[in-house]
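These are the residues of each chain, in order.
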Amino acid sequence: MTADEQSATPPAPAVPTEGRTLPGDLGRTIPSTPNADPPQTVLPQAGSEPAAARPTAPRDGRAPVGVPLDPARPVAVVGTGTMGQGIAQIALAAGHPVHLYDTAPGRAAEAATAIGARIDRLVAKGRMAPSERDAALPRLTAASEPSELAGAGLVIEAVVEDLTAKQELFRSLEDVVADDCLLATNTSSLSVTAIAGALRLPGRFVGLHFFNPAPLLPLVEVVSGFATAQQSAADALATVAAWGKTPVSCADLPGFIVNRVARPFYAEGFALHEDRIADPATIDAVLRESGGFRMGPFELTDLIGQDVNAAVTRSVWEANFQSPKFTPSLSQRRLVDAGLLGRKTGRGWYDHTEGAPSPEPQVAAPAEPPAYVIAEGGLGAAAALLELIAGSDVPLRRGDEAVRSQLVLPGGGRLALTDGSMSGEFDDLVHFDLAFDYREATRIALAPSPRTSERTLREAIGLFQALGKQVSVIGDAPGMIVARTVAMLIDFAADAVTKGVATEDAIDTAMKLGANYPLGPLAWHRRLPPDWAHTLLQNVHTRIPSGRYGPGLALFQHPHTGAGRHAEGGPTTGGRWGNEAGHTGPGRSGNRGANG
């Protein structure tokens with residue numbers, strides 16, 4: 001599906017933006033993950049058609065070559081709040097004359113002063129040469145009337161998230177700027193197609209979704225609405241790349257890439273807490289220390305603001321016709337209703353008031369390691385554990401390689417990687433959770449059940465402690481914490497590819513740079529055994545038949561490697577992500593732990 005087919009997306013409610021705060025050090029750009037797939041950019045070349053033509057499709061059928069905006073042409077930024085100022089600073093640093101405009105009298109001049117002060121601080125810190133500052137500041141002007149934007153080659157809007165307000169703004173701008181001026185919205189929640197629907201020339205309209213703080217964060221989602229000309233999108237990509245950012249191209253579906261694909265990261269943690277599987281501090285710790293995420297969902301939403309995060313979740317849910325895949329959290333709604341919005345109010349999931357103790361995750365008491373373990377099968381996604389055990393003081397014995405993957409403990413109990421079933425379905429079994437890297441993980445979650453003997457649980461705890469891991473014992477939940485979250489992220493990412501939101505590489509790049517994930521969901525998918533995500537989600541869906549966990553068609557069709565990776569412009573036909581070798585089909589994978 002191409003970007004131009006996304007016409008049915010209804011406008012989402014006006015909400016604040018979310019997911020755009022850089023946790024931790026705000027003074028640096030997050031680097032991309034080593035060995036990451038390259039970002040999907042259209043590189044500028046000389047000799048291309050002038051921007052005024054903006055054809056909807058090249059005559060020879062090839063994708064158009066993007067032409068970056070000439071640095072001599074002014075960039076206008078309408079809306080001078082935090083995001084508008086950040087975007088203006090980027091364009092200024094790229095060498096453009098920049099015009100600031102705001103409907104509130106005096107606001108544009110105040111913004112220009114604030115930008116100048118930030119640039120002065122960069123010079124004081126040695127991050128900008130005084131000569132660069134002296135050249136840049138005269139190019140920054142505050143406009144008092146829209147007519148002063150007439151010469152702009154690009155206008156970027158960063159006003160309130162209200163559809164009517166944005167439509168009226170761009171209608172008025174069309175009467176001011178030339179027909180070859182590219183128009184862009186920084187919306188994170190509204191339909192680009194709907195905003196452009198009010199325009200005389202909708203083909204020149206794109207979404208440029210910067211992430212906050214814009215001067216520091218590298219990602220920009222370049223969003224094509226139903227009527228966006230391919231040349232306009234290509235020129236926007238080339239311009240953003242010329243500004244030193246990492247643009248990714250995407251279609252106009254609710255949430256675009258990051259705010260769409262990231263929903264399960266929050267939702268699964270909240271659901272596990274609501275089901276009393278584990279407390280927020282334990283869930284956060286497991287996702288950080290086992291899953292490799294920089295922050296867990298509870299601490300991250302306290303940083304973002306519970307009201308902001310909940311509003312984005314609700315807008316994506318409503319824009320997807322209240323699909324159960326995107327259902328908001330009741331417990332988060334209660335926080336918002338109570339005014340417990342996170343750090344900005346002093347309390348959210350956690351108490352952030354001065355002197356308040358930091359909550360501690362659940363940690364199992366020390367236990368003696370087992371006298372030995374017997375490995376049956378290859379452990380699938382947890383195969384690295386066998387190397388760790390072999391290098392430890394716990395003797396590793398090899399059992400039947402043809403049976404399902406599990407570790408047999410001296411007392412007769414079994415330890416198996418979660419596959420979406422529950423430990424309580426089996427006699428004397430403990431499930432353990434997925435890890436991003438079992439060698440580097442410092443914490444592992446275990447899920448026993450009432451049918452698990454005390455000896456088996458203690459031996460399981462002792463084994464992982466002998467491997468240098470802290471152990472958190474949680475309730476018996478289908479898919480546990482990391483595995484369920486990662487499988488859902490993979491499902492959402494695969495669905496986004498199938499629906500034409502973006503390419504695999506673009507989605508992975510966006511989730512690493514925009515959400516700071518340790519690995520893109522689809523790259524993570526390719527690291528795991530074929531059908532791992534589909535099998536796990538199918539098993540979870542069988543036990544929680546709400547519609548949320550039913551794996552999408554994309555996971556059924558495409559196991560895992562990338563043989564059918566999409567190019568810009570739509571999916572390939574007949575391709576598969578996975579290698580057919582060893583493919584046993586959904587629900588028949590040999591990676592089902594101890595399940596019979």
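Let me sum up the structure you'll find in this document. Counting restarts for each chain, with residues numbered from 1 along the sequence as it is written. Whole-chain, interface and lining totals are the exception, using all residues; otherwise, since this is a predicted model, local features are given only for residues with pLDDT of at least 70 and side-chain atom pairs are given and counted only at 80 or more. In computing side-chain properties, one takes all heavy atoms of the structure into account and sets aside hydrogens as well as water.

**A closer look at the sheet that holds strand S4 (residues 154-157)**
A strand pair is defined by DSSP finding two or more bridges across the two strands. Each helix is a run of H or I in the DSSP string that is no shorter than four residues. Each strand is a run of E no shorter than two, and both are numbered from the N terminus. The eight strands lie next to each other as S3-S2-S1-S4-S5-S6-S7-S8, forming an open sheet whose pairing is mixed. The open sheet terminates on both sides in strands that have one partner only, identified here as strand S3 (140-143) and strand S8 (246-251). Within this sheet the neighbouring strands show an average axis-to-axis angle of 25°, counted without direction. Sheet analysis places strand S5 (residues 182-185) next to strand S6 (residues 205-210), joined by three bridges and oriented parallel. Across the sheet, Leu 183 pairs through a bridge with Phe 205, a residue of S6. The contact rule is simple, with two residues in contact once any of their heavy atoms fall within 4.5 Å. A fitted line through C-alpha atoms serves as each axis, taken over the contacting stretch for helices, and the angle formed by two N-to-C directions is quoted from 0 to 180°. Packed onto the sheet, helix H4 (residues 163-174) meets strand S1 (75-78), S4, S5 and S6 and runs at close to 165° relative to S5. Across the face of the sheet, helix H16 (residues 504-514) comes into contact with strand S7 (219-224) and S8 while running at roughly 125° to S8.

**Digging into the nonpolar core**
Ile 257, Phe 432, Leu 434, Tyr 438, Leu 446 and Trp 532 are the most contacted members of the largest nonpolar core, which totals 127 residues. Among the elements that line this core, the one with the most residues is helix H15 (residues 482-498), at 12 residues. With near-sequence residues (within four places) excluded, Leu 434 lies in contact with Ser 290, Ala 381, Leu 417, Val 482, Ala 483, Val 486, Leu 528 and Trp 532. Only buried residues count toward a nonpolar core. Its members are Ala, Val, Leu, Ile, Met, Phe, Trp, Tyr and Cys residues joined through side-chain atoms within 4.5 Å. For each residue, the accessible area found with a 1.4 Å probe, counting protein chains only, is set against the maximum for its type, and the residue is called buried under 20%, exposed over 50%, and partly exposed in between. Listed in part, the 35 residues of the second largest apolar core include Met 83, Leu 100, Ile 156 and Ala 236.

**Quick look at the pattern of salt bridges**
Think of a salt bridge as a Lys or Arg side-chain nitrogen and an Asp or Glu carboxyl oxygen that are within 4 Å of each other. Within this structure, the stated rule accounts for 24 salt bridges. Between Arg 133 and Asp 120 there is a salt bridge; the shortest N-O distance is 3.4 Å. Of the two residues, Arg 133 sits in helix H3 (residues 130-136) while Asp 120 sits in helix H2 (residues 107-124), which places them 13 residues apart along the sequence. Between Glu 318 and Arg 314 there is a salt bridge; the shortest N-O distance is 3.0 Å. Linking Glu 318 with Arg 314, this pair stays in helix H11 (residues 306-319), spanning four residues, or about one helical turn.

**As for the sheet that holds strand S11 (residues 406-408)**
A sheet is described by the order of its strands in space; here seven strands give the open sequence S10-S9-S11-S12-S13-S14-S15, paired in mixed fashion. Strands with a single pairing partner mark the edges of an open sheet, and in this sheet they are strand S10 (396-398) and strand S15 (470-473). Within the sheet, the average angular offset between the axes of one strand and its neighbour, ignoring direction, is 30°. Sheet analysis places strand S13 (residues 429-432) next to strand S14 (residues 443-447), joined by two bridges and oriented antiparallel. Each residue of the ladder has a partner; that of His 431, found in S14, is Ala 447. Contacting S14 and S15, helix H9 (residues 280-289) crosses the sheet at an angle of about 125° to S14. Relative to the sheet, helix H14 (residues 454-466) contacts strand S9 (373-376), S11, strand S12 (414-417), S13, S14 and S15, its axis offset from that of S15 by approximately 150°.

**Thoughts on the packing of helix H8 (residues 263-274) against H11**
For the pair H8 and H11, the least separation of the axes is 11 Å and the interaxial angle reads 110°. Classified by the angle their axes make, H8 and H11 are roughly perpendicular. Residues Arg 263, Tyr 266 and Phe 270 of H8 lie in contact with H11, whose contacting residues are Asn 309, Val 312, Thr 313 and Val 316. A class-by-class count of the residues in the contact of H8 with H11 yields four nonpolar, two polar and one charged. Any angle from 65 to 115 degrees is called roughly perpendicular, while one under 35 is roughly parallel, one over 145 is roughly antiparallel, and all others are oblique. Note that Gly is not counted as nonpolar here; it falls among the polar residues with everything else outside the nonpolar set of Ala, Val, Leu, Ile, Met, Phe, Trp, Tyr, Cys and Pro and the charged set of Asp, Glu, Lys and Arg.

**Re the packing of H8 against helix H10 (residues 297-304)**
Close contact between H8 and H10 brings their axes to 9 Å; oriented N to C, the two are set at 120°. Classified by chirality, the crossing of H10 by H8 is left-handed. Contacts from Phe 265, Tyr 266, Gly 269, Phe 270 and His 273 in H8 reach Pro 297, Phe 298, Leu 300, Thr 301 and Ile 304 in H10. Taken together, the residues of the contact of H8 with H10 break down into seven nonpolar, three polar and no charged. Put simply, a crossing is left-handed when the front helix is turned counterclockwise from the back one by less than a right angle, and right-handed when it is turned clockwise.

**Details of the pairing of strand S2 (residues 98-101)**
Residues of S2 alternate between two faces, with Val 98 and Leu 100 on one and His 99 and Tyr 101 on the opposite face, all of them buried. Looking at chain direction, S1 and S2 are connected through four bridges and run parallel. Paired with Val 75 across the strands is Val 98, a residue of S2. With helix H1 (residues 82-93) bridging S1 and its parallel neighbour S2, the resulting β-α-β unit is right-handed. Looking at chain direction, S2 and S3 are connected through four bridges and run parallel. Residue pairing across strands places Val 98 opposite Leu 140, the latter belonging to S3. The path from the first strand over the helix to the second decides the hand: if it runs clockwise while the strands point away from the viewer, the crossover is right-handed.

**Regarding unusual backbone geometry**
In this structure, the amide linkage connecting Asn 212 to the following residue, Pro 213, adopts the cis form with an omega of 0°. Tracing the chain through its elements places Pro 213 in the loop between S6 and S7. Even without being a glycine, Phe 256 presents a positive backbone phi close to 55°. Relative accessible area serves as the criterion here: at 2%, Phe 256 is assigned to the buried category.

**Concerning the packing of aromatic side chains**
Here a ring pair, both rings aromatic, is described through the centre-centre distance and the interplanar angle of the planes. Here a Phe, Tyr or Trp ring, Trp counted by its six-membered ring, pairs with any other such ring whose centre lies within 6.5 Å, and the pair is stacked when the planes are under 30 degrees apart, edge-to-face when over 60, and tilted otherwise. Within the structure shown, the criterion is met by 13 aromatic pairs. Ring geometry for Phe 432 and Tyr 438: centres 6.3 Å apart, planes at 75°, overall edge-to-face. For Tyr 438, a relative accessible area of 3% puts it in the buried group. Grouping aromatic residues by their ring pairs yields a cluster made of Phe 265, Tyr 266, Phe 293, Phe 436, Tyr 517 and Trp 524.

Purely spatial values, then, with no claim about function.
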